[in-house]
Amino acid sequence: MISRADTWTGLFLAVLGFGLFWLTQGVRITEAGLIGPRFVPQVVSVLLVAGGLALIFSKAKNSDSNIGAASLRAVGLILIGIAHVYLTPRFGYLATSALVAAATLTLFGVRNWRVLLAATLALPLIMHVAFIESMGVFMPRGRWFDVLSLIA
Amino acid sequence: MDILHGFATLFANPTALGFVALAAFIGVVIGALPGLTAAAAIAMLVPLTFYLDPLAALAFLYVIGKSGRYGGSVSAILFNTPGTTASVATMADGHPLAKRGQSVRALRMATVASVSGDLIGDIILILGAALIASQTAKFGPPEYFAVYMMAFLVIGSVVGKSVLKGLIATTLGIAVALVGLDPITGQARWTFGLLELENGFTLVPLLIGVFVISELMVQAESRLTGQQAHVIEEATGDGGHLRWADVRPLWGVITRSSLYGAVIGIMPGLGSSVAAFVAYGEEKRRAKDGDQWGTGILAGVAAPEAANNAVSGPSMIPLLTLGVPGTTVAAILMGVFLIHGIPIGPTLFVAAHDLIYGLFAAGLIGIILYGLIGWFFGPAIGRVISRVPASLIYPTIFMVTLIAAYTGRLSFWDVQVMLGAGVLGYAMRKLEFPPAAFIIAFILTPGAEEALRQSLLLSRNGWAIFITEPVAAAFLAIGLGVAVWRGWRAIVAGRNTQTKDMQS
């Protein structure tokens, strides 16, 4: 039995390979007589198509792994990360990271509100001291609001 | 004598020495945390090393790799949960010992075997690397291109369960590395008109995404609320302590297992877990009491632990002599060499002599330190970890990754790349594509493309240069041979399974 996940992955890789090959047509061949900047990307595109097709027609029995089983919690972690990227320039690191900490702790199953509150306050402070104060990592102030502007 | 010079270099750098001690401790703790591998920990900590001098940075990460491998045995023995994949084989006998009230004895056996294996591996590295480098220093672009091709083929076909998926993961890694401006002509390739893509993808966000974020996604899925701690019974009488009489009959097992590990370590793509299983299987086969293995005997702890730690040193040989990382940890270290502007390859032993031997000395000091930490504090570290809920550990790691990815170039784009790489790494895990092959291919591609173009510039016979140069032809033949052999074995295994299914 051929895995459906492998069939879809193979199809995706084949389409990706075709797309990438088509995109390489825009790269000019500038080195006469030698392989130019287009050569390796084209070879890799062809290999992706070949790999994808091989995966589709592979008769090897696959494991029961299935990308469709990805849980909302796994996706939720990425959404929290995207929120961090979007909110930090607007609300500053401390406020955003407190929100991120609370959301991540909840995602990982912390339900005790005392633990949640303590960790939500402590984690951003620890990160701020460790990275921004101690290592001198520059973090832009929030454009709309920043906790630091209330303190200093 | 060079190694004495290395010790002098290290002791003249108190910062580096301090970071070696810190790494020995951090590695044991991180290795003992189920799910977080040494490679993931190193990936996450790479940005911290931007602020260190090269020796301190490399020594810190190198020693974490060593102590992390050892730390995996702590959770394997105490919780029956491997801290790293390399310690899976240790569980078979380590945990039954712990359940019989001999956890301290099992942990100390793991410590003795790990330290011995690691020391043997490092001695082979120190004696062998410079010797091999003196030969590989004569290599030109055709030989280098052949070496890179061999690495792509061997790592792609060996590192995962499926040869096809390993080779696809390698191709994907090459494709991602090609994004950006062509280094010779400056033409944009696969940049989609985005300014951020013109410099290509940087290593650190990709590393953190593929190894750490994907692991956090898997952990979030299972939503751990604490370590699944097994009851560890207290030691009874002197049965809980390791005696000389326990260790003496096992020196043969430890030495042979260390040599299996060292040989496997030199081969690109195989790594610690393969070494541990090979040593466990081989020593069980040789043992007179083979039927007792798996019930909780010390030899079953000694063999895999000696082998998986003996991989560490020799796995650096392909990196330092050819510029080809054989393991994920070596791939990350290669990235750190490049970040600090140190060109990797055989010339390293001349151009950065002090640094390399300082790094070897740091490795030896690190082994002794993690051995002492493990011997005296291993059980305590295990008990503390069992009490800290994973629901607090993983959010903390996530917060660190968000700022670590940003730190390298102070760029939120890199954080987005990390998250994207996390999704890719998660999909690869789910679909059983080896992430290590992807990362190693990403790191090797710029060098491979440069070597290919230089070779064809030098050649009067076009592509024939790769056949007419004997060393290049030999490397290509090895790569193709391994890939064909692995592919053939997979086909035969598939046919056998189908036949059995039809018969049953």
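Residues numbered from 1 in each chain as written. Chains lettered and ligands numbered in written order. Predicted model: local features only at pLDDT ≥ 70, side-chain atom pairs only at ≥ 80, totals over all residues.

A. View of the overall build of chain B. When you go through chain B residue by residue, the secondary structure sums to 22 helices and two strands. Expected size for 504 residues packed as a compact globule is a radius of gyration near 23 Å; at 23 Å, chain B falls within 12% of this value. With the C-alpha coordinates of chain B rotated into their principal frame, the extents come out at 75 × 55 × 55 Å. Within chain B, the fraction of its 504 residues that count as buried is 62%. Partitioning the contacts of chain B with sequence separation of at least 6, the portion at a separation of at least 24 is 79%. (Helix = DSSP H or I, 4+ residues; strand = E, 2+ residues; numbered from the N terminus. Rg over C-alpha atoms; globule rule 2.2 N^0.38 Å. Buried ≥ 20, exposed ≤ 12 C-beta atoms within 10 Å, placed from the backbone. Contact = placed C-beta atoms within 7 Å.)

B. Here's a closer look at helix α1 (residues 4–24) of chain A. Taking 1.5 Å of rise per residue, the 21 residues of α1(A) would be expected to cover 30 Å, and the 30 Å separating its terminal C-alpha atoms lies within 8% of that figure. Taken together, the buried positions of α1(A) are A5(A), D6(A), T9(A), G10(A), L13(A), G17(A) and L20(A). Taken down its axis, α1(A) places every buried residue within 130 degrees of arc, on the same side. Those residues of α1(A) that are exposed and aimed more than 90 degrees away from the buried face are R4(A) and W22(A). In the core, the buried residues of α1(A) are packed alongside α2 (39–57) of chain A together with α8 (163–178) and α19 (412–431) of chain B. (Expected span 1.5 Å × (residues − 1). Arc of directions from axis to C-beta.)

C. Structural context of the packing of helix α4 (residues 113–134) of chain A against helix α18 (residues 390–407) of chain B. One way to put it is that α4(A) packs onto α18(B) with a least axis distance of 11 Å and a crossing angle of 35 degrees. Judged by the twist between their axes, the crossing of α4(A) over α18(B) is right-handed. Contacts from A119(A), L123(A), M127(A) and F131(A) of α4(A) reach α18(B) at L392(B), T396(B), M399(B), I403(B) and T407(B). (Axes fitted to C-alpha atoms, helices over the stretch in contact; angles between N-to-C directions. Left-handed = near helix turned anticlockwise from the far one by under 90°.)

D. Region of interest: helix α13 (residues 298–310) of chain B. Along its 13 residues, α13(B) runs 18 Å from first to last C-alpha, staying within 8% of the 18 Å computed at 1.5 Å per residue. Counting buried positions along α13(B) yields 13 of 13 residues, so the element is predominantly enclosed.

E. Spotlight on the confidence of the model for chain B. All names here are of chain B. Taken as a whole, chain B shows an average pLDDT of 87; of its residues, 95% reach a score of 70 or greater. Looking over chain B, one finds the lowest element-wise mean pLDDT in helix α16 (residues 348–351), namely 81, and the highest in α8, namely 95. Counted against residues more than four places away or in other chains, residues 225–231, with its pLDDT under 50, gives 16 contacts. Here the predicted complex scores 0.85 on pTM and 0.91 on ipTM. (pLDDT = per-residue confidence, 0-100.)

F. The packing of helix α3 (residues 72–107) of chain A against α19(B), seen in detail. In the contact formed by α3(A) and α19(B), the axes pass within 10 Å of each other and the chain directions differ by 170 degrees. Taken together, the axes of α3(A) and α19(B) are roughly antiparallel relative to one another. Residues A74(A), I78(A), G81(A), I82(A) and V85(A) of α3(A) lie in contact with α19(B), whose contacting residues are F412(B), V415(B), Q416(B), L419(B), G422(B), V423(B) and Y426(B). Grouping the amino acids of the contact of α3(A) with α19(B) by side-chain chemistry returns nine nonpolar, three polar and no charged. (Parallel < 35°, antiparallel > 145°, perpendicular 65-115°, else oblique. Nonpolar A, V, L, I, M, F, W, Y, C, P; charged D, E, K, R; others polar.)

G. View of the environment of S315(B). All names here are of chain B. Relative to the helices and strands, S315 is located in the loop between α13 and α14 (317–322). For S315, a count of 31 C-beta atoms within 10 Å corresponds to the buried category. Counting along the chain gives 109 residues from S315 to L424, while the straight-line C-alpha distance between them is 26 Å. Residue contacts for S315: discarding those within four places in its chain leaves G265, G326, T327 and A330.

H. Quick look at the interface of chain A and chain B. In this complex, chain A contributes 53 residues to the contact, which on the side of chain B involves 50 residues. Put simply, the parts of the chain that give the side of chain A that touches chain B at least two residues each are α1, α2, α3 and α4 of chain A. The leading source of residues in the side of chain A that touches chain B is α3(A), at 14 residues.

I. Summary view of unusual backbone geometry. All names here are of chain B. Despite not being glycine, F192 shows a phi value in the positive range, around 55 degrees. Since 9 C-beta atoms lie within 10 Å of it, F192 is described here as exposed. Of note, L410 is a non-glycine position whose phi angle comes to about 50 degrees, a positive value. With respect to the element layout, L410 can be found in the loop between α18 and α19.

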